[in-house]
Structure formats: structure tokens, C-alpha cells
Amino acid sequence: MNRRSFLQLLVDGAPLPHYDEVLHDAVAGAASPAEIADLQAEHTLALQLRDTLEKRRSRHEQQRALVECAKELAEDRSDPDTILSLIVSQAQRLLGCDMAYLSLNDNEGRATCMQVMVGATSSAWKDVRIPFGIGIGGRVAATGTPFSTPDYFSDERLTHDPAVDTSVRAERQVSIVGVPLRTSAVIGVLFASNRTPGWFSHDAIALLGSFATLAATAIEQARSRYDREQTLAALRKENEALRQRTVDQERAVAAHDQSMAIVLRGGGVQEVVAAAGDQLGGVLAIFDEFETPVAWTPGASHEVLRAMSAAAGGAAGRPAVAHDGTYWVTGLVAGTENLGTLVWGPPAASVGDLDRRLLARAAVVASLLQLFSRNLAAAEARVRGELLDDLLTPTPRTYSSLAERALRIGYQPQKRHAVVVAHIRAENRQNLASVASDLAAARDGLSTVRDGQAILVVPSDDPSLTGRQIARSMTTRLGSPVTVGAAGPVDDPADLPSAYAEALACVQALLRLERVGAAATADDLGYAGLLLGDGASAVRFVERTLGPVIRHDEQRSTALMETLGTYFATGQSLAASAKRLHIHPNTVTQRLDRVRRLLGMDWNSPDHTLEVQLALRLHRLRRELDD
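We now turn to the structure provided with this report. (Residues numbered from 1 in each chain as written. Predicted model: local features only at pLDDT ≥ 70, side-chain atom pairs only at ≥ 80, totals over all residues. Heavy atoms only, no water.)

### Concerning the sheet that holds strand 7 (residues 283–287)
- In spatial order, the strands read 8-7-11-10-9; together these five strands make up an open sheet with antiparallel pairing. For this open sheet the edge positions go to strand 8 (293–296) and strand 9 (322–323), each flanked by a neighbour on one side alone.
- In the packing of helix 9 (residues 302–313) onto the sheet, the strands contacted are strand 7, strand 8, strand 10 (328–334) and strand 11 (337–345), and the crossing angle to strand 7 comes to about 55°. (Pairing = 2+ DSSP bridges. Helix = DSSP H or I, 4+ residues; strand = E, 2+ residues; numbered from the N terminus. Contact = heavy atoms within 4.5 Å. Axes fitted to C-alpha atoms, helices over the stretch in contact; angles between N-to-C directions.)

What follows is the structure, given as C-alpha cells:
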């Protein structure tokens, strides 16, 4: 075998046994001991050269891998935590070890803290703090120099700590190397470990150290980049908040200027709705204290207004802006006086603080305009009250002069009107006239006070509904129950006196029935014409309503009338009725069943209850008078 045979093996990168085979064949064909010695020398040189080339190739591969890792770290723009995971993964790949992990120093706490690990089989390493000087990590963190051990638990150079040893034992680590992560100072430790004993080579430690230098720089850059991004994000957020505050301020100033312009030129609530709609968007409406819309966004549907009216009922008299789940509502209030409600249906689900402030401002302006309007109406109340007094007083003269007076103050007597009489206890009548005047003016009607009772004549096609609304509003504003009788509708001023007499009779009937705070017309009372001028008598009304029960008691000596009276007197309670009558509740039930068979299935329905109670009272009064 000639010299080129060894060279060829080197060029081919042949395995080590091939060199021995070549040497064996060459020795077998050698001519002399000197030639054999030369062949053996060449064999030795070839192996040394092969080892040198392998080392250089290995270093080259390590350097190439290190460069690739450096490029990957340099190109990565992830957050610091992601960079740490990437560093540990690359360290494991560089050294081909079982595990790699990393800790960062807490200089104030004098410890290096575990951050991330690859190759782990448990979670015991998490949150482990290695005090400076303890174990490999603490030693490297404190000294800033690499440290390697072939067997962690038998290495007498190390100072051990139970918590640290527990995490090492949980991962079955044996041979461990740690190198410092250093920039201007040591910021942490990069580890590699195997689960078998043995030294890490100097080349491996040097490679890990070089990578640790690159990794420390990458960590610092990631931290710096993260801090810059956080600072920029905070600045962007603050800038956006400043821009939004500027926009909000401009909106608030514009809203203020617009509101003042409306007030100064004597505008109305419709202008307030239009201006608020321009500022807020969506749908707005203003409702009076009767929950009747008085101004709204053009194009709002009847269904939307009905829903907004229902929302207005829950916020009446409350000045705070509130949200009912669909609408934002705020009461129009002047002192303790309820002037109505402003309701807003926003265009989007998100409503900001400025939107709520703009809505509250619109409510204040609307309240001012409503109050101005009512004060103006109050100034006209005396004139209008005198006109109503004259309209309610039958005289032989014609109504032509009264009609002219009505037209001069803007009252239209030819409209259909309801006549309402409101009664309140004498000690609570201080503000009766002003409240009645406000309510009448709000509905383009007239009001006056006679014999301690307020009389209102307001446009209406439904006297019953109008009576209930006025009773509820006056009760709220006066703070005491107001009983209301209503009549109409009438469209001829000559019919007002008779309608007034009918409404007055309804109030008196309610008071006799102890229905304080209720409102009713003659039809609501269920005895149309009873004592109201149609000739019907109380006797016939009682007979028509309770005749079968009265005759049953007379013919069979039962106590159905007494039971019926007690039943209503106790609030329709079977138990209370039985206790008062000293009988068993089942007996009360049986007697009421008999009443049902005599009067009909609906005798106790809401529509008939008032008639039955009135008939009972009239029957009792008649018997008392007879006695």
C-alpha cells in the first residue's frame, strides 16, 4: 500500500477501522523491518491528521451552529419571555444535552431565579430561587465564571440547598454546566445538563459561553425593545386620550353654545331634541308627566315612542341619568317639581361619560324651557280661571262673548274636552290651584278652584284615562291622595255646566265609597245616571245589582249580604272574613259560591267589584235611614 492510500482515506473521510486494515495489508507486503516502521509511522500521522481534521470540522460545525443561532436571535422580535424560551431551546440543540435552562438574577434579593427549561419532566424547577453562592447557579451568578461538574450530588466544591437539590433531583440531573449571561454585568445563568455522569468538554463549555454572550445581548435588546414598545404604546394611548378629550371638549363647548342659543331666543323643547340629536345621534323624545310625548326625533316610529314612554314612567321625577337596559332616561326636574322625562335611544351599545353629560345638559335646558313655559302659563292662569268660572256658570246670555275671550287667550272651546273635578283633604290644598293650573296649561286647557276642589277642562277624547292621569300627577306633586271625577267629552261650551255637575257627582260618589285617591267617570262607576240626572234611583240600582242575594237572604234566612259586606270590608280575605263572622273559612267559601251562582260568574271581576260595593253601601244606608 503506498502513501496515497492513507491520503485517500483522509480525503474520503473513511471510518477509523479502515486505517488499520490498510496498515495490516501494507505490513503483510513489506520487504523489510524499516519499511514496516515507515508504514506504522505514516499510519500514526494519518490518524493524528484525521483527529485534527475532525476537531476542526467539529469546531466549524459548532461555529456555524452558533452563527445560525445568533442570526435567529438577532432576527427574532418577540417579547422577552419568548426570547428566553428560544435561547434555552438553542442551547440544548447546540450541546445536544438532555436539558437546558436559564435563570435571571435578582440582585436586590441576592438570588438567581429560574425562568424557563426545556427537556424537563416535572414542574419542580418552577419558581425556584437559587441564593448567590449556592449550587452551580448561585456560584456562577455570584462569581461571573463558568462552572461544570460531572456529578452534582457528589461534588464537594458545591454548597447545597434543600430546595435547589429537590428540583435537581426531581429532574434526575447529574452532570451540569453553568455559564454566566453577561452584558455590562451578570444578568443570569445559562445551564446545560445530562442525566448521566461525565464532564462537559472544554469546547462544549466554550461554545455554551459564547452563546451565552450572544443570548445576554439578545435578552437586553428584547427588554429594551419591549420597554420602548410599552412606552410607545403608553404614549399612543395617552395621545389618543388627549385627542379624545379635545374632541369631547369641543363637543361640550358646541353643546353649551347651542343650548344657550336655544334658551336666549326662547326656543322650545323640540329644538332641544333636535340639538341633542345632532350631538348624540340615535332617537330622543321628551315626555310630560303624563308620559305623553311632547317632542321627539323626526321619523321615530310609534312603536319606539311607546317603548320610550314605558321607560319614561320609571324615571319620572328623578334627575339622575339612568339606563334601563335599552334606553337612557333622565327626569326633567325643577326643585321638587316633575316637568317630564327625557329619553334617549343611543345609536350604539357603547355610551361614554361625555354622552351622559350631554344628555344631562339637554335635560337641564329642557327643564328650563318647560319651567319658563309653565311660569308664562301661570301668569295667564287668572284670566283663564275667570273664563272657566264663567263657562261653568249657566246664564241666560249666549256664549258668543265667552268664545271671543277664549280665542283671545288661545283656548279652543270647539275641541272635545273632558271636565275633571279633583278633591284633596283641606289641610293639603295649599298648592292645589297652582298644580291644577300647571296641568291644565300643559294640555292647553283651563282650570279654576271652587269650594276647595280643582276643576280642569282639558282637550280629551277619553275622560276616564285623563282623570286617572291627572289624579296620579296631582297626587305625586301634592304629596297626598287626590280623588278625581271626570265627565265628557263635550265639544259645546253650553254643555260644560252639566258635565261639571256629573264630574262633581262622581267625586262625591267615590268619597262616599271611601275610594280616596281613585279616579272615575259615571261609566267607570257602573251606575250611569245614578243620582246624575237620568231619573234612575238608588233602589233600582241596588235591586239590579244585588236583588237575587237580598231575596235569597229574606226567603231562606241566610246571611249572604252580611258575608258579602264583610268580605269586601276585610280586603277580600277569606280568613279575615271567617274570623270576623266567627265561622269556618270553608263556610265563607260556600256562601261566596252561592253569591256567584246568584249574580253570575264575573260578580267579583274588577269591572263589577265597584258596582257591588256601591250597591252594598247604598243598601246599608237605606236600611239605616229606614231604622
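### Details of the environment of Pro548
- The residue Pro548 is located in helix 16 (residues 538–556) in this model.
- Sequence-wise, Pro548 and Val595 are 47 residues apart; in three dimensions their C-alpha atoms are separated by 8.6 Å.

### Quick look at unusual backbone geometry
- Note that the residue after Gly488, namely Pro489, is joined by a cis bond; omega there is 0°.
- With respect to the secondary-structure elements, Pro489 resides in strand 15 (residues 483–490).

### Digging into the pattern of salt bridges
- Applying the stated criterion across every chain, the model contains 13 salt bridges.
- When the shortest N-O distance is used, the salt bridge between Arg157 and Asp155 registers 2.7 Å.
- Overall, Arg157 belongs to the partly exposed group, its relative accessible area being 42%.
- Of the charged contacts in the structure, one is a salt bridge between Glu427 and Arg425, with a shortest N-O distance of 2.6 Å.
- Sharing partners across several salt bridges, the network here consists of Asp353, Arg356 and Arg357. (Salt bridge = Lys/Arg side-chain N within 4 Å of Asp/Glu carboxyl O. Buried < 20%, exposed > 50% of the residue type's maximum accessible area, 1.4 Å probe, protein only.)

### Thoughts on the nonpolar core
- Membership of the largest hydrophobic core comes to 31 residues, with the highest contact counts inside it found for Ile87, Leu95, Leu102, Leu181, Leu190, Leu208 and Ile219.
- Every element with two or more residues in this core is listed here: helix 4 (80–95), strand 1 (99–106), strand 2 (111–118), strand 5 (175–182), strand 6 (186–194) and helix 7 (202–264).
- By residue number, the principal contributor to this core is helix 7, which donates eleven residues.
- In this view, Ile219 contacts Ile83, Leu84, Ile87, Leu102, Leu104, Leu181 and Ile187; residues no more than four positions away in its chain are not counted.
- Core analysis: the second largest hydrophobic core is formed by 29 residues, Leu560, Tyr567, Phe568 and Val612 among them. (Core = buried A, V, L, I, M, F, W, Y, C linked by side-chain atoms within 4.5 Å.)

### Details of the side chain of Asp165
- By secondary structure assignment, the location of Asp165 is in helix 6 (residues 162–170).
- Of the buried charged residues, Asp165 lacks a salt bridge, with Arg169 as the closest side chain of opposite charge at 5.1 Å. (Lys, Arg positive; Asp, Glu negative; His and termini not counted.)

### Describing the packing of aromatic side chains
- Using the criterion set out here, one finds five aromatic pairs in the structure.
- With a centroid separation of 4.5 Å and 15° between ring planes, the pair formed by Tyr101 and Phe191 is classed as stacked. A residue pair is termed long-range when its members are at least 10 positions apart, and Tyr101 in strand 1 and Phe191 in strand 6 qualify at 90 residues. No difference in accessibility class separates Tyr101 from Phe191, as the two residues are buried.
- On the basis of an interplanar angle of 80° and a centroid distance of 6.2 Å, the ring pair of Phe568 and Trp603 is categorised as edge-to-face. With Phe568 in helix 17 (residues 560–569) and Trp603 in the loop between helix 19 (585–599) and helix 20 (606–626), this pair connects stretches of sequence that are 35 residues apart.
- Accessibility expressed as a relative area gives 11% for Phe568, which makes it buried.
- Judged by its relative accessible area of 7%, Trp603 falls in the buried class.
- Aromatic ring contacts, followed pair by pair, group Tyr567, Phe568 and Trp603 into a single cluster. (Phe/Tyr/Trp six-rings, centres within 6.5 Å; stacked < 30°, edge-to-face > 60°.)

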